[in-house]
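Structural overview for review
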Amino acid sequence: MAQFFEIHSESPQLRLIHRAVEILRKGGIIVYPTDSSYAIACLIGDKQAMDKIRRIRQLDDKHNFTLVCKDLAQVSMFTKISNDAYRLIKALTPGAFTFILEATREVPRRMQHPKKKTIGIRIPDHPITQLLVQELGEPLFSSTLILPGEDEALTDPYEIRDRLEHELDLVIDGGIIEFEQTTIIEFSDNGTEIIRQGKGLAPMLGR
């Protein structure tokens, strides 16, 4: 049965964040709010939890997962980031963007795109997410909470608990969050490209 924490989205209670971190460190799977949707997450190195997230969402090996980071210093540990990419990410974060970058050896191979060896990176603009990854001290392995057969993420934490209470260890209630896709920006040898326009705006890229 999933635990259920009501955490203030403006000023998160640190004691509940610490309990969430403890659940993650014990191999738990959590659902938490971001600036674009609810997401499902576990620790990076926890293969059993990662496999369970794949099963919950019915995802294949080709799915692009995301590391949710607290800052650019953390991003640079897990990706090969050029000066131009660094400057752009710094200008756009925190915000509703997913950045596709080449992964370093710190990223488990099963998390990387099988051909491109890339990984998605996020630094969301949400106080609960920011405090969670800050107190955890490492990125979260994360995926938007879109259930099989559905096109959008679940928006209501009570519905999330009702539908997944036997699959999860914790649901963090940060209120209703209407689903909006992040804007995806890919950095490659061919340059920088917006490959999906979503909530995040990047006028310097001409979109």
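A short tour of the structure in this document, coming up. What you see is a predicted model; the values in this text were computed from it and never measured.

Quick notes on the rules
- Residues numbered from 1 in each chain as written.
- Predicted model: local features only at pLDDT ≥ 70, side-chain atom pairs only at ≥ 80, totals over all residues.
- Heavy atoms only, no water.
- Helix = DSSP H or I, 4+ residues; strand = E, 2+ residues; numbered from the N terminus.
- Rg over C-alpha atoms; globule rule 2.2 N^0.38 Å.
- Buried < 20%, exposed > 50% of the residue type's maximum accessible area, 1.4 Å probe, protein only.
- Contact = heavy atoms within 4.5 Å.
- Areas by Shrake-Rupley, 256 points an atom, 1.4 Å probe, with all protein chains shown as cover.
- Lys, Arg positive; Asp, Glu negative; His and termini not counted.
- Charge placed at Lys NZ, Arg CZ, Asp CG, Glu CD.
- Disulfide = S-S within 2.5 Å.
- Expected span 1.5 Å × (residues − 1).
- Salt bridge = Lys/Arg side-chain N within 4 Å of Asp/Glu carboxyl O.

**Details of the overall build of the protein**
Helices and strands together make up the secondary structure of the protein, namely six helices and 11 strands. Here the C-alpha atoms of the protein give a radius of gyration of 16 Å, agreeing with the 17 Å that 2.2 N^0.38 yields for 207 residues. Considering only C-alpha atoms, the protein reaches an extent of 45 × 35 × 35 Å along its principal axes. Residues counted as buried form 53% of the 207 residues belonging to the protein. Long-range contacts, defined here as pairs at least 24 residues apart, represent 65% of the contacts in the protein between residues at least 6 apart. Per element, the accessible surface of the protein, about 10200 Å² overall, is 44% carbon and sulfur. Taken as two groups, the 26 positive and 30 negative side-chain charges of the protein have centres that lie 7 Å from each other.

**Points about the state of the cysteines**
Applying the stated criterion across every chain, the model contains zero disulfides. Here C69 is not disulfide-linked; the sulfur of C42 is the nearest cysteine sulfur, at 14 Å.

**Comments concerning helix α1 (residues 14–25)**
The end-to-end C-alpha distance of α1 is 16 Å, a good match for the 16 Å that 12 residues give at a rise of 1.5 Å each. Elements in contact with the buried residues of α1: β1 (3–6), β2 (30–33), β3 (38–43), α5 (127–136), β8 (140–144) and β9 (170–173).

**Some remarks on the pattern of salt bridges**
Taken as a whole, this structure holds 11 salt bridges when the rule is applied. With its nearest N and O atoms 2.6 Å apart, the salt bridge here joins D35 to R122. With D35 in the loop between β2 and β3 and R122 in strand β7 (residues 118–122), this residue pair connects regions lying 87 residues apart in the sequence. Judged by relative accessible area, D35 falls into the buried class, the value being 12%. On the basis of relative accessibility, which here comes to 7%, the residue R122 falls in the buried class. Residues D84 and R87 are paired through a salt bridge, measuring 2.5 Å at the closest nitrogen-oxygen approach. On the criterion of helical spacing, the pair formed by D84 and R87 is a turn pair, its members being three residues apart in helix α4 (residues 83–92). A relative accessible area of 54% means that D84 is categorised as exposed. What emerges from the salt-bridge pattern is a single network uniting E150, E159 and R163.

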